[in-house]
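Below are the chains, spelled out letter by letter.
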Amino acid sequence: MIKLFVMDVDGTLTDGKLFIGPSGELFKGFHSQDGMGITLLHKAGIHTAIITGRQSEIVEARAKELGIKEVFQKIKDKRPVLEKLVADLGLTMEEVAYIGDDTNDLGCLSIAGKAFIPANAVDAIRGHGFIGLSRSGGEGAVREAIDLVFGFEDKTSARETF
């Protein structure tokens, strides 16, 4: 049973595009269905967390809006952060679901009990047995993974394992 759902941001919760002006990051687009899915996780008593390689006030604001308390930004090596979080919560890796789209997510994807990659994931993380989603980051991929965690969809229909 999944007790912790962990997400990357750029390319997972967003489409990966970065809009940066002279004063810094201007905006990111988040999918409302992902937000509803995260709300459903919280209602079910499942912890949520974000581990991202970039630093962003926008991510902080979105996490606060959704009630995500565990937010780790500007993380180069994500795996030790995930391992510490799991230990701090008294969980096992089998109780963790992780979704990420790029090579800096590979360490976390490889140890999580359920590992999801959006349709737009880079080729370098395919071929490892992760659950490939039909939706891309920023287009409901997180919600699709959450639905699979809850068993709302049959993961074998229209999905490949990469």
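Model, not experiment: these values are computed from the prediction.

Rules behind the numbers
Residues numbered from 1 in each chain as written. Predicted model: local features only at pLDDT ≥ 70, side-chain atom pairs only at ≥ 80, totals over all residues. Heavy atoms only, no water. Phe/Tyr/Trp six-rings, centres within 6.5 Å; stacked < 30°, edge-to-face > 60°. Buried < 20%, exposed > 50% of the residue type's maximum accessible area, 1.4 Å probe, protein only. Helix = DSSP H or I, 4+ residues; strand = E, 2+ residues; numbered from the N terminus. Arc of directions from axis to C-beta. Polar contact = N/O pair within 3.5 Å; in protein donor to acceptor, adjacent residues only side chain to side chain. Expected span 1.5 Å × (residues − 1). Contact = heavy atoms within 4.5 Å. Pairing = 2+ DSSP bridges. Salt bridge = Lys/Arg side-chain N within 4 Å of Asp/Glu carboxyl O.

Undergrad: Looking at this structure, how should I read the packing of aromatic side chains?
TA: Each pair of aromatic rings is reported with the distance of its centres and the angle of its planes. Under the counting rule described, the total for this entry stands at one aromatic pair. Here the aromatic rings of phenylalanine 19 and phenylalanine 27 are separated by 4.5 Å at their centres, their planes lie at 15°, and the arrangement is stacked. Residue classification places phenylalanine 27 among the partly exposed residues on the basis of a relative accessible area of 44%.

Undergrad: I tried to follow helix α2 (residues 57-66) on my own but got confused; where do I start?
TA: Helical geometry note: an α-helix holds 3.6 residues per turn, so side chains three or four residues apart project in the same direction. Of the residues making up α2, those classed as buried are Val59, Arg62, Ala63 and Leu66. Burial along α2 is one-sided: seen end-on, the buried residues are contained in an arc of 100°. Exposed positions of α2 whose direction lies more than 90 degrees from the buried face are Glu57, Lys64 and Glu65. Two or three places before isoleucine 58, at the start of α2, stands the capping residue serine 56, its side-chain oxygen 3.1 Å from that residue's backbone nitrogen. The positive-phi residue at the C-terminal boundary of α2 is glycine 67, with phi of around 80°.

Undergrad: Help me understand helix α1 (residues 32-43), please; the structure alone is not making it clear to me.
TA: If you check α1, its first and last C-alpha atoms are 17 Å apart, about what 12 residues at 1.5 Å a residue would give, namely 16 Å. Taken together, the buried positions of α1 are Asp34, Gly35, Gly37, Ile38 and Leu41. For α1, the buried positions fall inside an angular range of 160° around the axis, keeping them on one side. For α1, exposure combined with an orientation more than 90 degrees from the buried face picks out Ser32 and Lys43. For α1, the secondary structure elements touched by its buried residues are β1 (4-7), β4 (47-51), α2 and α5 (141-150). Positive phi appears at glycine 45, one or two residues downstream of α1, with a value of about 80°.

Undergrad: Mind showing me how you'd approach the sheet that holds strand β5 (residues 70-72) here?
TA: Adjacent strands of a sheet pair through backbone hydrogen bonds, lying either parallel or antiparallel. Pairing is parallel in the open sheet, where six strands are placed in the order β5-β4-β1-β6-β7-β8. With one partner strand each, in any of the chains shown, β5 and β8 (131-132) form the two edges of the open sheet. Looking at chain direction, β1 and β4 are connected through four bridges and run parallel. Across the sheet, residue leucine 4 finds its bridge partner in β4, namely histidine 47.

Undergrad: I tried to follow unusual backbone geometry on my own but got confused; where do I start?
TA: A negative phi angle characterises most non-glycine residues, just as the trans form characterises most peptide bonds. Notably, lysine 74 is not glycine yet its phi reads approximately 60°, a positive angle. Along the chain, lysine 74 turns up in the loop between β5 and α3 (78-88).

Undergrad: Sorry, what's going on with the pattern of salt bridges here?
TA: If charged atoms from side chains of opposite charge come close, those side chains can pair. As enumerated under the stated definition, the model contains 10 salt bridges in all. The salt bridge partner of arginine 62 is glutamate 65, with a shortest N-O separation of 2.7 Å. Residue arginine 62 and its partner glutamate 65 are both found in helix α2; the two are separated by three residues, about one turn of the helix. On the basis of relative accessibility, which here comes to 18%, the residue arginine 62 falls in the buried class. The exposure class assigned to glutamate 65 is exposed, which follows from its relative accessible area of 58%. Each member of the salt-bridge network shares a partner with another, and the members are Asp8, Lys78 and Asp105.

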